[in-house]
Structures are given as C-alpha cells and as structure tokens.
Amino acid sequence: MAGLRWTTAGESHGPALVAVLEGLPSGLPLSLERVDAELARRQGGYGRGGRMKIERDRVRVLAGTRAGRTLGSPLALLLENRDATIESLPVPTNPRPGHADLAGCQRHGHRDPRAVLERASARETAARVALGAVARQVLEPLGVDLLGHVVSVGGIEVEQGADLPPAEARARRDASDFHSLDPAADARFREAVDAAKAAGDTLGGVFEVRVTGLPPGLGDYADPRDRLTSRLGGALLSIPAMKGVEFGLGFEAARRPGSQVHDAIVPADPPGPHGRFARSTNRAGGLEGGMTTGEPLVARVAMKPISTLRRGVDTVDFETGEAVPATYQRSDVTAVPAASVVGEAVVALVLASAVLERLGSTSVEELTRAWEAWLERLRAL
Ligand code: EPS
C-alpha cells in the first residue's frame, strides 16, 4: 500500500523549482511534451501578470528514467526560474493582508516578509503541475480522464458546457483564455478582469475538476485517512488561495431533504463496464463513503482573489509600526484559470496514488493486468 509520495522545493525567485515523485511503476513511457504543455497552460489564462511574460516553464528530468521510460526509482524534476533574483530583491517591510507574509513572520520571528513569501508564493504550484502531468500519464492508459475548467470569475458564472462529452469539453476549454467551457461567459469574465485591473483590484473564482473512468470502490471507508473525499479535499485546499471545496451538490446538499440528495441505485441494463449497478443521478459527485461510486468525480474549488493589489490593502510597516498600504510590485489580476490546471494536477496525483495503493503494482505491465482483473471482479459481482 505504498502509492505515490511527492515533495517540492524551491523559492519563487530562487534558481529553480525541484519536484520528486516516488512510487511510480517502472516501464511508464514519459512524455515530457505533455508535462510542458500543462506547464504552459498553468502560465496562461487571461488576467495573468508580468512574471508569466518572463518565465518559460519547461521540465528537465534529473533522475528516474532511462530511454524515456520510468525505472521505478524516484523521479526528480527541475524547472529553472528565469527571474532568479532572490538575493537582490528588496525587503518588503509591509506585510500583505491575505498572503502568508505576516503569519509566516510571526511563526518564524522574521522581520522580513520576503523570507516567507518566496516559498509561500503560488509559483510552487508549477512544480506540482509537473508532478500531476506525470501522474495523469499513469491514469490515462487505464481510461481515466481528467478535465479542470473554470466555472466562475468575480461572481460571474458560466451558463453552458456542463453536459459536453469529454473530448468536446476539452476542445472548448483549450480554446478559451479562461479555461472555461462557455465562450459567452469568457466575454463577461474579460470585462470583469479589465475593470478590476483598471481599479487596481483582483478577482477570485471557482473551478471544477471532473474525472471520468474511475471504477467504484477506489479509496476506503475503514480508516478516515484513506477516505478519498478527505484526501482530495486536502490536496485541493493545499493549493495557495483555495478557500473551499465541494463534491457534487456540496453545500447545497445541506439544504435539501435526503430524497433530493442521494443517488438511487438502479440496474445497469445492459451491464456497464463496472457491472450490474448504476445510478440515476450523480448528486454525490462520484463519491460515497470516502470511495468512488463509478460516476464522474466532480469537485468544485473556490479561490479567493490574489492578495497582491495595486491599490494596496491597509497594513502596518514592520520597521515604523505605522499604518501604510501594502507593497505592490506586480501581480496577476486573476489566476483562476491557472488554479484550474493546478487543481487537475493535484487530483491526478491523489488518484494515481490511490490506484497504485489499491493495485500494488511495481510495473506498468502489472498495473494494466491488475486493473483489468479489478474490472473483471466488479463485473462478476
Ligand atoms: C507565480 C509567480 C509569482 C506571482 C504569483 C504566481 O511571481 P512574482 O511574485 O515574481 O510576480 O506572479 O504569485 C502569487 C499569486 C502569489 O500570491 O504569490 C506563478 O508562477 O504562478
């Protein structure tokens, strides 16, 4: 029950970001183009700031592969920072409300918010996107498909795209500079971002990650730590600026009676790829009892607005103790499209880990056979 373990290191303006992923099966052909494509998606999206014009995030493999395939040893990835100016950047004496600046200084006893913000910066998420792009290469050959897309920005909601089949949804998402499935909403998002930018303000929003192809019974109910719900929720909330996660109906489920919440179990006629049982609805968002139900997994995540505002939020200067506006150098107006890419990545990591924990495979060949045997057992139930 080893699964995947990962870690990242790196400061926002340090020489590089580093990521290590342990527990990958051997023999996995690794497409670095796929990793770079996800890194480019994370850098994109309307509303990004000046830093993304400087960086060209590309992955380099330092360990764990030979002839383009994984060895089953730890995979080490490197992403170089172009803006590697950490040693010469000024000390920002006034901590930004909403960022880790003040609480981080209080935690460590620093008087220099830079000692905190360099690591607390969302730049770290580039390393996790690289790891997630590897994890999805474990899942995709098994028929598991992930799609992250933006459903609201600054309180404006998408109105279409919810029922698109996966391939069409992906094409729409990739054509949108908000990573959304609704071109009409993009126009309204753009107006809102332009207005926020003009006002020196920032905007948050909500993204959704939808996963299809997961068999029922992934995750566990027996140990609270193994519940997929809590593992996915924790991973999504570990992305900087995320304030809430809901699965399926989410908070709406708390307002409805049970008869309008639970997904009736019906006979699958004819039996489906997961056997004789089906659901008439998917209000649970594909999770029951901490396990997958076999229906699409649907997570929605709320992101607060970026905490670096050109107009400055009130704060206190570390040196003088006086009330001042928080420092501004540069920032994104919104990073919800980027967050949807990070969300997809962390979900891929958690799911690939849960699959490997369940099937215990050390090679890709063994994993493929174990997956088929699992589906066979489900069909026989
Ligand atoms: C980011 C890099 C950062 C920020 C942003 C995310 O670059 P810089 O600080 O040099 O402008 O643009 O960081 C934040 C949103 C944050 O709150 O720290 C990136 O690579 O995504």
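Everything discussed here concerns the structure shown above.
In this convention, every chain numbers its residues from 1, walking through the sequence in written order. Local features are withheld for residues below a pLDDT of 70 in this predicted model, meaning they are given only at 70 or higher, and side-chain atom pairs are given and counted only at 80 or more; totals for whole chains, interfaces and linings count all residues. With hydrogens and water set aside, each side-chain value is computed from the structure's full complement of heavy atoms.

A. Here's a closer look at the site of the ligand. Residues in close proximity to the ligand include His13, Arg42, Arg48, Arg51, Met52, His99, Ser121, Ala122, Arg123, Ile306, Arg330 and Asp332, which together make up its full environment. Counting of polar contacts relies on pairs of N or O atoms within 3.5 Å, with two restrictions inside protein: one atom must be capable of donating a hydrogen and the other of accepting it, and residues adjacent in sequence are counted only when both atoms are side-chain atoms. Between an oxygen atom of the ligand and a side-chain N or O atom of His99, the distance comes to 2.9 Å. The contact in question runs from an oxygen atom of the ligand to an N or O atom on the side chain of Ser121, over 3.4 Å. Only Asp, Glu, Lys and Arg are considered charged, only Ala, Val, Leu, Ile, Met, Phe, Trp, Tyr, Cys and Pro nonpolar, and every remaining residue, Gly among them, polar. Here the residues of the shell around the ligand sort into three nonpolar, three polar and six charged. Any residue with a heavy atom lying within 4 Å of a molecule or strand is counted as near it.

B. Focus on the environment of Arg310. Helix and strand assignments come from DSSP, with helices taken as H or I runs of at least 4 residues and strands as E runs of at least 2, each series counted from the N terminus. Mapped onto the elements of the fold, Arg310 is located in the loop between strand 15 (297-303) and strand 16 (314-316). Taking C-alpha positions, Arg310 is 40 Å from Pro296, a pair spaced 14 residues apart along the chain. Residues contacting Arg310, with those up to four places away along its chain left out, are Lys197, Ala198, Ala199, Gly200 and Tyr328. Within the local environment of Arg310, its side chain forms a polar contact with the backbone oxygen of Lys197, the two atoms lying 2.5 Å apart. Contacts are assigned to residue pairs that have any heavy atoms within 4.5 Å of one another.

C. Region of interest: the packing of aromatic side chains. Two rings from Phe, Tyr or Trp (for Trp, the six-membered ring) form a pair when their centres are within 6.5 Å of each other. A pair whose planes differ by under 30 degrees is stacked, one over 60 is edge-to-face, and the rest are tilted. Counted according to the given criterion, the structure contains three aromatic pairs. On the basis of an interplanar angle of 65 degrees and a centroid distance of 5.2 Å, the ring pair of Phe178 and Phe189 is categorised as edge-to-face. On the criterion of sequence distance, the pair formed by Phe178 in the loop between helix 6 (166-175) and helix 7 (183-198) and Phe189 in helix 7 is long-range, its members being 11 residues apart. With respect to burial, Phe178 and Phe189 carry one shared label: buried. The interplanar angle of 90 degrees and the centroid separation of 5.4 Å between the aromatic rings of Trp371 and Trp374 together place this pair among those described as edge-to-face. With Trp371 and Trp374 both in helix 10 (residues 364-380), this residue pair falls three residues apart, about one helical turn. Of the two residues examined, Trp371 and Trp374, each falls in the buried class. Throughout, exposure labels follow a simple rule: accessible area from a 1.4 Å probe, protein chains only, divided by the maximum for the residue type, with under 20% read as buried, over 50% as exposed, and the rest as partly exposed.

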